[in-house]
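Geometric and topological summary
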Amino acid sequence: MSLELSRKALAVKPSSTLAITAKAKELRQAGIDVVGFGAGEPDFDTPENVCDAAIQAIHDGFTKYTPASGIMELKEAVAGKFASFNKIHYDPDQIVISNGGKHSLTNICMALLNPGDEVIIPAPYWLSYPEMVKLADGIPVFVRGEKEQGYKVNAAQIESAITPKTKALILNTPSNPTGMIYSREELEAIADVAVRNDIYVIADEMYEYLVYDGLEHVSIASLNEEIYKRTITCSGLAKGYSMTGWRIGYTGSAKEIAKVMGSVQSHATSNPNSIAQKAAVEAITGPQDTVSAMLNEFDARRRYMCRRIKEMPYISALEPKGAFYMFVDLSGVLEKKYKGEQIGSAARFADILINNYQVAAVPCADFGFDDHIRLSYAISIEQIEKGLDRIEEMLKKLES
Ligand SMILES: *Cc1c(COP(=O)(O)O)cnc(C)c1O
């Protein structure tokens, strides 16, 4: 057959995180004791009250199609959460419930972009952003947030990347993979640039509940009326409530954008799972004590990892302020040799770790920083300790 597949789809990069996870799984199945720092999801069970609400929904026969953009009960719950937690006012008709945060972000790109529109993506970035933009015929434009800047970009950098074709900026706070959060002042300056240049802001706030040291999560849409109009605020249940498998995400935006996203979704997937929607209502409106219990546990692990990494030779990491990842700088390692061979890249470093020390870490070339790895602390403290012991052992074997 000589039929050609979609060039756009063929150009999608297979996820590099999958290769390392597959390798770890393979080793584990062969009975090898692997420590997996690759996890992109909380390791806790979904809270019991949330599970009970889902079971109740099944018994109540709430198992049919719902309105494509979500049930009113959940939109009202999300509107209430936006008002109290994010300090943003969205009416239910400005909210679209989707099949996960990833789906919401895809809907946003579909709703905003025309062929050739540029989208500014601060690097390091979550590896799906560039692919989502390209699938919607947009062009990703990268701006680097260097380590000295806390891996964050500033308003001036964004402004100088803006062209007549710029349509939007993607802003992820707290950040995956860096764990950094943008302060109110930083967001005010960025909002000012977005308003002055009339571009949209896609605010991915998936990790908004996971912020440490008593710091405040600030939603850019809450700053003023002008930035509110131009922002699509995206979040979901996956990370904060340990509900990754349930697939519920949502957006708040201008009504016109919500309407377009709702239409796109109505043809692509129809409604998100009816049972999961009922569970999401309980998660958002029910008791929140499990959320803070998870946060406390993550915090203990974060502190432990920071302390250990600080004591290790050649590598370093900034203390994360949110999410559950350590973004580890390997620039002091790449010149070194392992068994006579120069390391050279984070990918090679990760290879040596998995093959010789049974530790899975995510090399971050696909996150825009090829001399960094990401270590997730969504695993038990015992596993973290074992994994860090092994990494330290490897580092001590390196030669100049
Ligand atoms: C996990 C994640 C999402 C989306 O999660 P879903 O499982 O699709 O709800 C979005 N953005 C970032 C940065 C993430 O890490």
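Residues numbered from 1 in each chain as written. Predicted model: local features only at pLDDT ≥ 70, side-chain atom pairs only at ≥ 80, totals over all residues. Heavy atoms only, no water.

1. Structural notes on the environment of N355
Within the element layout of this structure, N355 appears in helix α13 (residues 346-357). It is 16 Å that separates the C-alpha atoms of N355 and K337, two residues lying 18 residues apart in sequence. A distance of 3.4 Å separates a polar atom in the side chain of N355 from a polar atom in the side chain of K23. (Helix = DSSP H or I, 4+ residues; strand = E, 2+ residues; numbered from the N terminus. Polar contact = N/O pair within 3.5 Å; in protein donor to acceptor, adjacent residues only side chain to side chain.)

2. Section: the site of the ligand
Surveying the vicinity of the ligand reveals 13 residues, the closest of which are G101, D204, Y207, K239 and R247. Y207 places a side-chain nitrogen or oxygen 2.6 Å from an oxygen atom of the ligand. Relative to its unbound accessible area of 390 Å², the ligand is 93% covered by the protein chains. Grouping the constituent residues of the shell around the ligand by class yields 5 nonpolar, 4 polar and 4 charged. (Near = heavy atom within 4 Å. Areas by Shrake-Rupley, 256 points an atom, 1.4 Å probe, with all protein chains shown as cover. Nonpolar A, V, L, I, M, F, W, Y, C, P; charged D, E, K, R; others polar.)

3. Re the sheet that holds strand β9 (residues 316-317)
Across the sheet, which stays open at both edges, the 4 strands sit in the order β9-β10-β15-β14 with antiparallel pairing between neighbours. The sheet terminates laterally at β9 and β14 (362-363), the two strands that pair on one side only. The pairing of β14 with strand β15 (residues 372-376) spans 2 bridges and is antiparallel. Across the sheet, residue V362 finds its bridge partner in β15, namely R374. This element, helix α12 (residues 289-310), spans β9, β10 (325-329) and β15 of the sheet and lies at about 10 degrees to β10. (Pairing = 2+ DSSP bridges. Contact = heavy atoms within 4.5 Å. Axes fitted to C-alpha atoms, helices over the stretch in contact; angles between N-to-C directions.)

4. Section: the domain arrangement of the protein chain
Looking at the assigned domains, one finds that the protein chain contains domain 1 (7-45 + 290-395) and domain 2 (48-285). When each unit is reduced to the centre of its C-alpha atoms, the spacing between domain 1 and domain 2 is 26 Å. For the domain 1 and domain 2 pair, buried surface summed over both sides reaches about 3,100 Å², with 62% attributable to carbon and sulfur atoms. Linking domain 1 with domain 2 are 5 salt bridges, by the criterion used here. Here K8 makes a salt bridge to D137, at a shortest N to O gap of 3.3 Å. For the interface between domain 1 and domain 2, the tally reads 19 residue pairs in polar contact (both at pLDDT 80 or more). Broken down by secondary-structure element, the contributors of at least two residues to the side of domain 1 that touches domain 2 are α2 (16-29), α12, β10 and β15. Of all the elements, α12 adds the most residues to the side of domain 1 that touches domain 2, at 7 residues. When grouped by side-chain class, the residues that make up the side of domain 1 that touches domain 2 number 18 nonpolar, 8 polar and 12 charged. (Domains from an automatic or database assignment. Buried area = accessible area lost by both parts, 1.4 Å probe. Salt bridge = Lys/Arg side-chain N within 4 Å of Asp/Glu carboxyl O.)

5. With respect to the sheet that holds strand β6 (residues 200-204)
Across the sheet, which stays open at both edges, the 7 strands sit in the order β2-β8-β7-β6-β5-β3-β4 with mixed pairing between neighbours. In the strand order of this sheet, the two ends are held by β2 (95-98) and β4 (139-144), each with one partner. With strand direction ignored, the average angle separating the axes of adjacent strands in the sheet is 20 degrees. Pairing of strand β5 (residues 166-172) with β6, which is carried by 5 bridges, proceeds in the parallel orientation. The residue of β6 that forms the bridge with I170 is I202. Sheet strands touched by helix α4 (residues 72-86): β2, β7 (231-236) and β8 (249-252). Its angle to β2, the strand with the most contacts, is close to 115 degrees. Its contacts with the sheet place helix α5 (residues 101-112) against β2, β5, β6, β7 and β8, and it is angled at close to 160 degrees to β7.

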